[in-house]
Amino acid sequence: MIKPRKRMRYDGVVVAAPASTPYERYSTETAHWWIAKALRQSIKSAGLAPRDIDGFSVASFSLFPDTAVGLTQHLGLVPRWLDHIPQGGASGPSALRRAARAVQCGDASVVACVAGDTNHVDSFRRMLSSFSRFAQDASYPYGAGGPNACFALLTDYYMREFGVGREDFGRICVSQRDNALRNENAVMKKPLTMEAYLAGREISDPITLFDCVMPVAGAEAFLVMREEDAVASGIPHAHISATIERHNAFAEDPIQMRGGWEMDIDELYGMAGHGPGSVDLLQTYDDYPVIVMMQLEDLGFCAKGEAARFIADKDLTVSGDFPHNTSGGQLSAGQAGAAGGFIGLVEAIRQVTGTAGATQVADAKRALVSGFGVINYDRGVCTSAAILEGVS
Amino acid sequence: MVTPLQKPPKKNPQVRTRVPTLPSHYRSRSALFMAATAAEGRFMLQVCAEPDCGFVQYPARDACSSCLSDRLVWQDVSSRGKLIATSTVRTSTNTYFRERTPWRLGTVHLEIGPSVMCHLHSEVAVGDEVQLINRLDKSGQSVLLALPLEKAPLQEDDMQLRELTCDPKFRRILITDARNPNAYALAKNLLEAGVSAVFVGEAESWRPYPDRAKLESLQGVELVSLDVTDTSSVQELAGEFGGKVDILINNARFVRPGGIQGRGDVSFAMDEMQVNYFGMMRLAQAFAPAMAGRSADGVNSAVAWVNVLSVYSLVSNPGFGSFSASNAAAHSLSQCLRAEMVSSGVRVVNVYCGPTEDEWHQPLPPPKVPASTLARELVKALQAGLEDVYVGDIAKDIRRKFMESPKVLEKEMTSLEAL
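Computed from a predicted model, the values in this text were never measured in an experiment.

What follows is about the sheet that holds strand β7 (residues 218-226) of chain A. Residue and element names in this part refer to chain A. If you trace the 9 strands from one edge of the open sheet to the other, you get β3-β2-β4-β7-β1-β8-β11-β10-β9, paired in mixed fashion. The open sheet has two free edges, formed respectively by β3 (81-84) and β9 (281-283), since each of these has just one partner strand. The sheet shows a mean angle of 25° between the axes of neighbouring strands, direction not considered. Summarising the sheet, β9 and strand β10 (residues 366-375) pair through 3 bridges and their orientation is parallel. Paired with glutamine 283 across the two strands is valine 369, which belongs to β10. Across the sheet, helix α2 (residues 68-75) touches β2 (55-59) and β3, and the angle it forms with β2 is around 120°.

Pasting the structure below:
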C-alpha cells in the first residue's frame, strides 16, 4: 500500500484573463469557431498575443474529428505543452490544476485553458446516442431520455431518501434565474417565479422543464501563468489555494447519492487552510438542482440530506447571504457543452478579481468552484473542485 | 394495474399508419452477448473467473472492474433485485420513444451486486422486489425489463412488455402449409392464445389430406390458396392478404430420407430446395415488404416471421442428409432475412425442431416431437418474445453440443456409428 504524500502548494502560479462568449441556443458555427472566439478574448484581455501562449488545454465534445492537436494547427498555436480534458462538467478545475503544475514546473509559461462547444439543431440528439460505451449499451436504449432520465432516477431516489420536495429544488432554479438577469451573455432573459417553476412541463418524472439546462453554443477561457508575469503586466489575477479531482468514486453505491468530493474535502480545505465557512461565494456544477444539493453536502456546507434545509433560509442570489452560481449557472445561462465545466470557474475568477461587473458580489475574496462530469452510465463519474483567492 | 388490451377496430384507411421507428441499436461487441442470450430468453451476466474475485459486472466489460482480470465468463445469474428508483420519460430525443411516451424506466439493485437501468412493467412500483428479463427490443438488441415476482393478471397486455414480445393475442396469423401434419395443432394453439384470425395456406386443394376437416371445423380458421413452390400463387395471396398478416409461420416442408448415394438422382433434392429454401425466399419476397411497413401499426402490428426449421439445419444428419442440406440453406437465408427485416422491427423467429412424429421420420427411434408439442412451444416462444427456439429433447441436445463445439458435433454426427 502506497501512502499519498502531502501535496505542494500552487505558489507562484496565478489564474487570470477570464473570458466568456455570449451563448446562443443554436449555432451554425463550429466548436473551433467558438473556442477561437473565447481564446482571442482571453489573450487580448491580458495584453498578450497568440504567440505568447506556450501551453494549451482544451475541453470540447463537438470538435470531432479533431482534438486539441488539430486545434493547434487550425488556430496557428505553437504550444510546448498540450492537454485535452474529456471530463465534461469537471473539466474546469481539472484543466486548472494541470496547467498550474505545468507553469509552476516551467513546462509552460502561459497556458490558455479553453472549453467550448457548438450546438447545431440536431447535434444534442446525435451526441446522446453515442455519448459513451456504457451509455450506448445500458442507458440510452431505455427511453432515450438522455441525462434527463438518468438524473430523474437520482432525483427520485434523493427526494424519497431525504424527504425533499420540488419547491426545494425550485429555490435553486429561481435564485439562479435572478442572477442570470444580470448576465448579458445568458440565454434566459425572463424572471422565473416559483409558480412558473412548479408549473414547468414534465420531462422525466420528477424532473420538469426548469430543472433542465438548455443546450447552447458558447465557450469559456482563462489563462494560467506565473505570478511575476501577471504582476509585471498589471493583469488582474487570483491565487489557487487548493484543488481536488476524483473519478469513479463510490462505485459500490447502488445509486449515486454522493460524489468524489466526499473522499477529498479534508485535503481540499487542508491545503487551503480554511473551511467552507470562509468562502465568499460558491459556484457549483448545476446540470440539475439535485447535483447542487449533493455538492453542498459533499463539500461540507451541511450534512448529507440536509441541503434542502440548508438553503431554505439562505439567499442564493448575487446580493444574498450565500451567493451561488452568480452568472446564473447552466440552468439559466445555458449549457455550452464542455464549457459547462468552465462557466463557474471563469465567473469565480471574475468575482475574486473584482471584474464581474453586474454580477459582482461585494467584497468577494474567496470562491469555491466545483465540477461534476460525464454520465458514463448511471451516474456522474468525474468530480473536481478548486478554491481561488483574489489578490488584494 | 395493467390496462387490458382492446381488440383493435377495423383499420381506418384515413388514419396515418404509424411508421416503423426503432430504439437505439448501437451496442458494443461485448454487449452483443446479452442479445445472444436474450434470443433464448436467458439472463446472464459476466462473472470474473479469478478464484479470489468472482465480481459480477454490468454493463458488459472487457476486463473485471474489481481485479482487472480479462477472465470474464457469461453465467446464468439471479435476476432478482429491488427497484430503488423510477422515472417516467415524457419527452425523448428518439423518435421510437417519442411516439410511445409516457415510458417508464427504473434502477434495479440486483441481489448479486450491480445496479441496472431497465424498462418497467406497469405492475412494479418503487421499493418492490422484482425480477428482470432479458429480451430483444424492436431494434433486435438486448434490453432488460423488470417484472413483478408473481405473475400479474393480464401481465402480457402491458404495453412496454408487449413491445418486446410477439404475443399472438389479437393478431392475424398465416400458416403456410395446411398439409403439414402440424398445421392443425398450430392453428388450435394459436386460437387458444387469442388470435383474431388464422389463415392456412393450402396447395392443390383438389388433393385430399387427413386434417382438412379438422382444420375447417376450427372457428376462426380460413383456408386460403397458397403453393410456396409457385411464385404467382404466393404473390397472388400476398396481394390479397399481405396487409393482414401480423405473424407468418412458414411451416412448409418437404422431407424424404436419404443423403447422396442412396438416391439415384436429384429430384427429391430439388423438391426439398423448392419448398424448404425457395419457398421461404418466395414468401419473403412477397410478404416481407408489407409486414415491414406495418410493424408499428398498433395492437395488431406485424410482429414476427417464424421459420419452422429442422435442428439438422445446424449440422447434417446423414440419414436425412439432403433434407438437412435444404434446411441449412433455409437457415442461412433466415439470417439474411433477419438482416433485411431489422430496420422494420419485425422479428425473424427460428424454431429448431428435432425429428417430428410423422410418417417420414417413422424409422427413427424416439424421442420425437409430436405436433402438439411443437405448436405449444412455438406459441409460448412468441408470447415470451424469443428469437431462437429449440423444440424437443434431440434439438436441445444438438443445441448444447453445437454451442460447445460445432466441429466435435460434426465428428459425432458423421462417425461410422452414425449411419
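Additional details are given in the paragraphs that follow.
Facing the 31 residues of chain A at the interface are 37 residues of chain B. Interface of chain A and chain B: buried area, both sides summed, is about 2900 Å²; carbon and sulfur atoms make up 58% of it. A salt bridge links arginine 90 of chain B to glutamate 202 of chain A, with the nearest nitrogen and oxygen atoms 3.8 Å apart. Between chain A and chain B we count 20 residue pairs in polar contact (both at pLDDT 80 or more) in total. Breaking the side of chain A that touches chain B down by element, the ones donating at least two residues are α4 (123-129), α5 (133-139), α6 (147-162) and β5 (202-204) of chain A.

Turning to the domain arrangement of chain A, a few remarks are in order. Residues and elements named next belong to chain A. Domain assignment breaks chain A into domain 1 (13-122 + 217-233) and domain 2 (132-212 + 239-390). On a C-alpha basis, the centroid separation for the pair domain 1 and domain 2 is 23 Å. Taken together, the 42 residues of domain 1 in the interface contact 34 residues of domain 2. The junction of domain 1 with domain 2 conceals about 2700 Å² of combined surface from both sides, 68% of it contributed by carbon and sulfur atoms. Summed over the shared surface of domain 1 and domain 2, the result is 2 salt bridges. On the surface where domain 1 and domain 2 come into contact, there are 12 residue pairs in polar contact (both at pLDDT 80 or more). Contributing elements (two or more residues each) for the side of domain 1 that touches domain 2: β1 (13-20), α3 (91-104), β4 (110-117) and β7. Counting residues per element, the side of domain 1 that touches domain 2 draws most heavily on α3, at 10 residues. Here the residues of the side of domain 1 that touches domain 2 sort into 23 nonpolar, 11 polar and 8 charged.

Take a negative patch on the surface next. All names here are of chain A. Together, Asp178, Asp313, Asp315 and Asp321 line one region of the surface with negative charge. Tracing the backbone shows aspartate 315 in the loop between α12 (307-312) and α13 (329-333). You can call aspartate 315 partly exposed: its relative accessible area is 33%.

Bringing helix α4 (residues 183-192) of chain B into the picture now. All names here are of chain B. Counting buried positions along α4 yields 7 of 10 residues, so the element is predominantly enclosed. Every buried residue of α4 is listed here: Ala183, Tyr184, Ala185, Leu186, Ala187, Asn189 and Leu190. Looking at the packing, one finds that the buried side of α4 touches β9 (172-175), β10 (197-202), α5 (212-217), β11 (221-225), β12 (247-250) and α9 (371-384). Glycine 194 occupies a position one or two residues after α4 and carries a positive phi of about 90°.

Turning to the packing of aromatic side chains, a few remarks are in order. Residue and element names in this part refer to chain A. For the structure shown, the criterion picks out 21 aromatic pairs over all chains. Both rings, one in phenylalanine 134 and one in tyrosine 377, keep their centres 6.5 Å apart while their planes meet at 85°; by these two values the pair is edge-to-face. One end of the pair, phenylalanine 134, is in helix α5; the other, tyrosine 377, is in the loop between β10 and β11 (380-390), and 243 residues separate them in sequence. You can call phenylalanine 134 buried: its relative accessible area is 15%.

A few words now on the nonpolar core. Membership of the largest hydrophobic core comes to 140 residues, with the highest contact counts inside it found for Phe222, Val224, Leu296, Leu299, Phe301 and Leu368 of chain A. Examining the composition of this core, we find that 10 residues originate from one element, α6 of chain A, more than from any other. Beyond its immediate chain neighbours, meaning those up to four positions away, leucine 296 of chain A contacts Leu282, Phe301, Cys302, Ala307, Phe310, Ile311 and Phe322 of chain A. Of all hydrophobic cores here, the second largest spans 37 residues; its members include Ile173, Ala178, Tyr184 and Ala187 of chain B.

Residue and element names in this part refer to chain B. Two numbers describe how helix α7 (residues 267-293) lies on helix α8 (residues 321-341): the axes approach to 8 Å, and their chain directions differ by 15°. The orientation of α7 relative to α8 falls into the category roughly parallel. Of the two elements, α7 crosses α8, and the hand of that crossing is right-handed. Note on element contacts: α8 touches α7 through Ser322, Phe323, Ser326, Asn327, Ala329, Ala330, Leu333, Ser334, Leu337 and Met341, opposite Ala269, Glu272, Met273, Asn276, Tyr277, Met280, Met281, Ala284, Ala288, Met291 and Ala292. Counted by class, the contact of α7 with α8 contains 15 nonpolar, 5 polar and 1 charged residues.

All names here are of chain B. Put simply, helix α10 (residues 393-404) and helix α11 (residues 406-413) touch, their axes get as near as 5 Å, and they point 130° apart. Considering their axes alone, α10 and α11 lie oblique with respect to each other. Taking contact as the criterion, the partners of Ile398, Lys401, Phe402 and Glu404 in α10 are, on α11, Pro406, Leu409, Glu412 and Met413. Taken together, the residues that form the contact of α10 with α11 break down as 5 nonpolar, no polar and 3 charged.

This part covers the pattern of salt bridges. Inspection of the entire model under this criterion finds 47 salt bridges over all chains. Between aspartate 62 of chain B and arginine 133 of chain A there is a salt bridge; the shortest N-O distance is 2.7 Å. Separated into two different chains, aspartate 62 of chain B in the loop between β2 (56-57) and β3 (72-76) and arginine 133 of chain A in helix α5 make up a pair that spans both. Judged by its relative accessible area of 31%, arginine 133 of chain A is partly exposed.

Parameters at a glance
Residues numbered from 1 in each chain as written. Chains lettered and ligands numbered in written order. Predicted model: local features only at pLDDT ≥ 70, side-chain atom pairs only at ≥ 80, totals over all residues. Heavy atoms only, no water. Pairing = 2+ DSSP bridges. Helix = DSSP H or I, 4+ residues; strand = E, 2+ residues; numbered from the N terminus. Axes fitted to C-alpha atoms, helices over the stretch in contact; angles between N-to-C directions. Contact = heavy atoms within 4.5 Å. Buried area = accessible area lost by both parts, 1.4 Å probe. Salt bridge = Lys/Arg side-chain N within 4 Å of Asp/Glu carboxyl O. Polar contact = N/O pair within 3.5 Å; in protein donor to acceptor, adjacent residues only side chain to side chain. Domains from an automatic or database assignment. Nonpolar A, V, L, I, M, F, W, Y, C, P; charged D, E, K, R; others polar. Patch = residues over 30% accessible without salt bridge, like charges linked within 9 Å, V, L, I, M, F, W, Y side chains within 5 Å. Areas by Shrake-Rupley, 256 points an atom, 1.4 Å probe, with all protein chains shown as cover. Lys, Arg positive; Asp, Glu negative; His and termini not counted. Charge placed at Lys NZ, Arg CZ, Asp CG, Glu CD. Buried < 20%, exposed > 50% of the residue type's maximum accessible area, 1.4 Å probe, protein only. Phe/Tyr/Trp six-rings, centres within 6.5 Å; stacked < 30°, edge-to-face > 60°. Core = buried A, V, L, I, M, F, W, Y, C linked by side-chain atoms within 4.5 Å. Parallel < 35°, antiparallel > 145°, perpendicular 65-115°, else oblique. Left-handed = near helix turned anticlockwise from the far one by under 90°.

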